[in-house]
Amino acid sequence: MSALETDTPVISKKILNIVGRTNAKYRLIEEGDNILLGLSGGKDSMLLATILAHMRKHAPFSFNVLAITVDYGRGGEYEYIQDYCDKLGIEYQRDRTEIYKILESHKREGTIYCSFCSRMRRGELYSTALKRGFNKVALAHHLDDAAESFMMNLTYNGALRSMPPYYRAANGLGVIRPLIFVRERQIIDFISSNNIYIAPDCNCPINWLPEDKRPKARAANKELLKQLESNNPNLFKSLKNAFSNIHANSFCDSRFLDSVEE
């Protein structure tokens, strides 16, 4: 593993502007918030950790952050995450679990591995947040994630659904996505330009499965969106606008249809 740079990572003005506008519009982070950051050690969550550290120094309000990595129980690289959080001045915790064993022994035939794993990982984050008095959980989903989820729900689940910047979980916790309008390629550029180390498999259990057992839907929709964007460079700009410009009564859901006058 290469040594981390000693200089403070530089976040582009464009990313800061996008996140700042998103935070202002949806009031994701406010005065006095206690935020639990899900930090996998992948490129997306490493950027989000950097942004939260930047905001704590420069925002006109104060809030607390704890970064937590869910250890799936099969080993992996985690020291570099601790080092990076130390560099940022963010408190860090590694939550050791047996998620991988549960995945292997309880996964039902026909279910999607990623969804099952995600629910358990989210459960660990929620449990820690509730026990330690956090009021919000921060996740590092970006615009490409939202677009891919939209396409997967449309083509596989028969639903018009994506990822909101904010929602309240059933347990009362607020779940925030400060990067929801940031493009994945911007995140890749941030990691590359700052020479930030990322574990080759980001400690993700999906990379421990044989190739023929990995779910294909997200990869297929990612490729589809790539092809569509090659023909329409404004595709993601349009998708971003569409996610905030919903005409619910133009579909067939009876909950949103105009009432029929007698």
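All values derive from a computational prediction rather than experimental measurement.

Parameters at a glance
Residues numbered from 1 in each chain as written. Predicted model: local features only at pLDDT ≥ 70, side-chain atom pairs only at ≥ 80, totals over all residues. Heavy atoms only, no water. Phe/Tyr/Trp six-rings, centres within 6.5 Å; stacked < 30°, edge-to-face > 60°. Helix = DSSP H or I, 4+ residues; strand = E, 2+ residues; numbered from the N terminus. Lys NZ or Arg CZ within 6 Å of the ring centre and 35° of its normal. Expected span 1.5 Å × (residues − 1). Buried < 20%, exposed > 50% of the residue type's maximum accessible area, 1.4 Å probe, protein only. Arc of directions from axis to C-beta. Contact = heavy atoms within 4.5 Å. Salt bridge = Lys/Arg side-chain N within 4 Å of Asp/Glu carboxyl O.

A. Local environment of the packing of aromatic side chains. Inspection of the entire model under this criterion finds four aromatic pairs. Taken together, a centroid distance of 5.1 Å and an interplanar angle of 85° make the contact between Tyr80 and Tyr197 edge-to-face. In this pair, Tyr80 is assigned in helix α3 (residues 79-88) and Tyr197 in the loop between α7 (184-193) and α8 (217-231), connecting sequence segments 117 residues apart. Both rings, one in Phe150 and one in Phe243, keep their centres 5.7 Å apart while their planes meet at 65°; by these two values the pair is edge-to-face. In this pair, Phe150 sits in helix α6 (residues 143-157) while Phe243 sits in helix α9 (residues 235-243), placing the two residues 93 residues apart along the sequence. The lysine or arginine in question, Lys240, covers the ring of Phe181, its NZ or CZ lying 5.0 Å from the ring centre.

B. Inspection of helix α1 (residues 13-26) at higher detail. Compared with the 20 Å implied by 1.5 Å per residue over 14 residues, the 20 Å span of α1 between its first and last C-alpha is a close match. Of the positions making up α1, those classed as buried are Ile15, Ile18, Val19, Thr22 and Asn23. Projection of α1 onto a plane perpendicular to its axis shows the buried side chains occupying an angular sector of 125°, all on one side. In α1, those exposed residues whose orientation departs by more than 90 degrees from the buried face are Lys13, Lys14, Arg21, Ala24 and Lys25.

C. Focus on the environment of Glu124. Along the chain, Glu124 turns up in helix α5 (residues 113-132). Separated by 29 residues in the primary sequence, Glu124 and Asp95 place their C-alpha atoms 8.2 Å from one another. Ignoring anything within four residues of it in the chain, the contact list for Glu124 reads Val70, Asp95, Thr97 and Ile99.

D. Fine view of the pattern of salt bridges. Under the defined criterion, the tally for this structure stands at 13 salt bridges. Of the charged contacts in the structure, one is a salt bridge between Asp144 and Arg183, with a shortest N-O distance of 2.9 Å. Of this pair, Asp144 sits in helix α6 while Arg183 is found in the loop between β6 (174-176) and α7, placing the two residues 39 residues apart along the sequence. Side by side, Asp144 and Arg183 carry an identical accessibility label, which is buried. For Arg218, the salt bridge goes to Glu148, with nearest N and O atoms at 3.1 Å.

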